[in-house]
Amino acid sequence: MIFNKTVSLILSALFFIFLGLLFSSISVMFLKGGLLPIVGLFLFVIFYFITRLFYNYLRNDDYYKNTRQRSSDKKGEKYITKGDFDIKKLFVVVWVIVILILTSVSLWLYSYNNGLVY
């Protein structure tokens, strides 16, 4: 099962936001000091590559292989998912969305409890 390109890009962006929120939550609670921007830039690059791996996971499976030179999409073909149903891939997508919501709520609650947000 593969997702179409637009859905894969949106889910990859959500995954990148999740990684950023997760790092923000952890850094706000535990890290203090001047090295935080440097660590943030370093992790931004790592998060980019992790997000690219997630995008490739969504766009490829055993039957369909998508590269820059070859695409499994036909001209004019419209689909959300294509191929055999894969429960693991669907679970990962739902998990990313749920954890993104929980992470953003936890960061907001932490900020609210510390008086950073009114």
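Because the structure is a prediction, the values reported are computed rather than measured.

Caption draft 1: Spatial organisation of the overall build of the chain. When helices and strands are counted, the chain shows three helices and two strands. Computed over C-alpha atoms, the radius of gyration of the chain comes to 18 Å, more than 25% over the 13 Å expected from 2.2 N^0.38 for 118 residues, which places it beyond the range of a compact globule. Along the three orthogonal principal directions, the C-alpha set of the chain runs to about 50 × 25 × 25 Å. Among the 118 residues that make up the chain, the fraction classed as buried is 30%. A separation threshold of at least 6 residues defines the contact pool for the chain, and within that pool the share at least 24 residues apart is 80%.

Caption draft 2: View of helix 3 (residues 87-113). Under the 1.5 Å per step criterion, the end-to-end length of helix 3 is 38 Å for 27 residues, consistent within 8% with the ideal 39 Å. Taken together, the buried positions of helix 3 are K89, V93, V96, L100, T103, L107 and S111. For helix 3, the secondary structure elements touched by its buried residues are strand 1 (2-3), helix 1 (5-30) and helix 2 (36-59). Positioned one or two residues after helix 3, G115 has a phi angle of 80 degrees, which is positive.

Caption draft 3: Molecular detail of the packing of helix 1 against helix 3. Following both chains from N to C, one finds helix 1 and helix 3 inclined at 35 degrees, their axes separated by 9 Å at the closest point. Considering how the two elements wind past one another, helix 1 and helix 3 form a crossing that is left-handed. Here L11, L14, F15, I17, F18, L21, L22, S24, S25, V28 and M29 of helix 1 lie close against helix 3, whose contacting residues are V93, W95, V96, I97, I99, L100, T103, S104, S106, L107 and Y110. By residue class, the composition of the contact of helix 1 with helix 3 is 17 nonpolar, five polar and no charged.

Caption draft 4: Local environment of the nonpolar core. Formed by 16 residues in total, the largest nonpolar core has its most connected members in F15, F54 and L58. Of all elements in the fold, only helix 1, helix 2 and helix 3 reach the threshold of two or more residues within this core. Sort the elements by how many residues they give to this core and helix 1 lands first, with six residues. Aside from chain neighbours lying at most four places away, what touches F54 is L11, S12, F15, V92 and V96.

About the cut-offs
- Residues numbered from 1 in each chain as written.
- Predicted model: local features only at pLDDT ≥ 70, side-chain atom pairs only at ≥ 80, totals over all residues.
- Heavy atoms only, no water.
- Helix = DSSP H or I, 4+ residues; strand = E, 2+ residues; numbered from the N terminus.
- Rg over C-alpha atoms; globule rule 2.2 N^0.38 Å.
- Buried < 20%, exposed > 50% of the residue type's maximum accessible area, 1.4 Å probe, protein only.
- Contact = heavy atoms within 4.5 Å.
- Expected span 1.5 Å × (residues − 1).
- Axes fitted to C-alpha atoms, helices over the stretch in contact; angles between N-to-C directions.
- Left-handed = near helix turned anticlockwise from the far one by under 90°.
- Nonpolar A, V, L, I, M, F, W, Y, C, P; charged D, E, K, R; others polar.
- Core = buried A, V, L, I, M, F, W, Y, C linked by side-chain atoms within 4.5 Å.

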